[in-house]
Number of protein chains: 2
Amino acid sequence: MELNLIGIPGIPIVKEGNNIADIILDALDAENLEINDGDVLVVAETIVSKSEGNIIDLKSLKPSELALELSEKTGKTPEIAEAIISESNEIIKVGPDFIISETKHGFVCANAGIDESNVDEGLATPMPADPDVSARKVREKIEKMTGCKVAVIISDTQGRAFREGAIGTAIGISGMFPLWDRRGEKDLYGRELETTSVAVADELAAAASILMGQADEGIPVVLIRGVDYFKTLKTDSANVKPLIRPKKYDVFR
Amino acid sequence: MELNLIGIPGIPIVKEGNNIADIILDALDAENLEINDGDVLVVAETIVSKSEGNIIDLKSLKPSELALELSEKTGKTPEIAEAIISESNEIIKVGPDFIISETKHGFVCANAGIDESNVDEGLATPMPADPDVSARKVREKIEKMTGCKVAVIISDTQGRAFREGAIGTAIGISGMFPLWDRRGEKDLYGRELETTSVAVADELAAAASILMGQADEGIPVVLIRGVDYFKTLKTDSANVKPLIRPKKYDVFR
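Criteria and thresholds
- Residues numbered from 1 in each chain as written.
- Chains lettered and ligands numbered in written order.
- Predicted model: local features only at pLDDT ≥ 70, side-chain atom pairs only at ≥ 80, totals over all residues.
- Heavy atoms only, no water.
- UniProt positions renumbered as here; feature names shortened; annotations may be inferred.
- Helix = DSSP H or I, 4+ residues; strand = E, 2+ residues; numbered from the N terminus.
- Buried < 20%, exposed > 50% of the residue type's maximum accessible area, 1.4 Å probe, protein only.
- Contact = heavy atoms within 4.5 Å.
- Polar contact = N/O pair within 3.5 Å; in protein donor to acceptor, adjacent residues only side chain to side chain.
- Axes fitted to C-alpha atoms, helices over the stretch in contact; angles between N-to-C directions.
- Parallel < 35°, antiparallel > 145°, perpendicular 65-115°, else oblique.
- Left-handed = near helix turned anticlockwise from the far one by under 90°.
- Nonpolar A, V, L, I, M, F, W, Y, C, P; charged D, E, K, R; others polar.

The name an unreviewed UniProt entry gives chain A is Coenzyme F420:L-glutamate ligase, with Methanobacterium congolense as the organism. The UniProt entry for chain A carries this comment under Sequence similarities (unreviewed entry): "Belongs to the CofE family." Under the UniProt heading Subunit (unreviewed entry), the note attached to chain A is "Homodimer."

Set out below in structure tokens:
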């Protein structure tokens, strides 16, 4: 039982209007790699945001009173604080160098996922406006071009509440159900399993991140083979939402 | 750039006194697989606890007042509540079906990592007493028998504060530094990287969990090849502690 992850080299610097599916297929072609049925593609959110022109010109922002206050508390620039506010539903915690919020997508993470890396000075990339839609577009184009059923995960690198270090995390999904529901399954002794819901999509994003981070040059796309994800596949309309804990069940906010 | 994960089949049901390193090497032999320099082995904590005889006989526990109170609040048995208390430094949050605590190892997780799956009725397995020591013993024996440098990660499946579903998580480490410190590295535009610390050991545990969970029979050990972990390798004495966020930096407790 094997899982193979291939970091796809040769992805060019992505510009607004580029089609991510085409870029991926071209890069695979150059490596003589083919898409197979059941492959999972993990795509770093930065290139998706850039292709969608979802870039913030920090100089264009007028920081609010709240942004100035958050800037003071965190040492972030007022413009970045303003960008974080405008990408968020709710500011949850503010620390010496971070702002934890619920993003407009519903994710609880630091700095609303806004990234100042991998873009020109003065610019920043927020998460894609709707990462599930971004994932679906990539999936549909790849399926149309190759005739294969695939899953696409848009990933971000996010911190955790109680552990140091960030890990790859799924923020957009198409083609696979993100949770593997194991309720009713039995263990080796015929007893109910303790862990009944495994966030397979997050595990795939974390696995891909090992290769993305390992590259000296950017590896924003990883192809994963051997995932028996049809077990988790519910419908073509599957998305990231089952991974978001509803606020009413969140005991830490 | 590739990462290959192999779920090792044929691991027998582990009993107290079994040597995990020997069991792994025998199972690899049976598959004609060899250990190579730089391999990472991810081992599920349940088999480690069982081999160490670290099993709780629930009937032998006398529930305290606090255990009775937690049992009432959570619907867990008073004995399991008592076991969770005795494995914890601090009870942090109690919900309708969970108790979140800081374990005696320092991990913040649900039910102190005590598992009632994969053992006989009336028994439960806590985490290993010192998972770093467990990892080191497995690593040293495997290195001695094979002459190869490896890393060993003891993994558990744990929930997250703000996301649904559990994922594989590192609870014991030997042979690799768990965080990859990227401070000072530059992005494609020559700017400082946004994410400066990546929890590679947790990403490896998450990746291995995909195969562990996918098996109809238990796959408690996964061999990972292609991790450029020497980048994260600091000393032979590396352990899991850098992944634990100190309480003073924990803004959610």
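Next comes the rest of the account.
Caption draft 1: Geometry of the UniProt feature "binding site: a divalent metal cation 1" (unreviewed entry) in chain A. Residues and elements named next belong to chain A. Under the UniProt annotation, the feature "binding site: a divalent metal cation 1" (unreviewed entry) is placed at Asp115 and Asp156. Sequence-wise these annotated residues cover 42 residues; spatially they are packed, their C-alpha atoms never more than 9.9 Å apart. You can see Asp115 is positioned in the loop between strand 6 (108-110) and strand 7 (123-124). Residue classification places Asp115 among the buried residues on the basis of a relative accessible area of 13%. Along the chain, Asp156 falls in strand 8 (residues 151-158). Once residues lying within four places of it in the same chain are set aside, the contact partners of Asp156 are Glu45, Gly113, Met127, Ile167, Gly168, Thr169 and Ile171. At 3.3 Å, the side chain of Asp156 and the side chain of Gln158 are in polar contact.

Caption draft 2: Spatial organisation of the packing of helix 1 (residues 20-30) of chain B against helix 5 (residues 131-146) of chain B. Residues and elements named next belong to chain B. At a minimum axis distance of 8 Å, the contact between helix 1 and helix 5 shows a crossing angle of 45 degrees. Here helix 1 lies oblique to helix 5, going by the angle between them. In this structure, helix 1 crosses over helix 5, and the sense of that crossing is right-handed. Where helix 1 abuts helix 5, its residues Ile20, Ala21, Asp22, Ile24 and Leu25 lie against Val138, Lys141, Ile142, Met145 and Thr146. Within the contact of helix 1 with helix 5, the residues separate by chemical class into 7 nonpolar, 1 polar and 2 charged.

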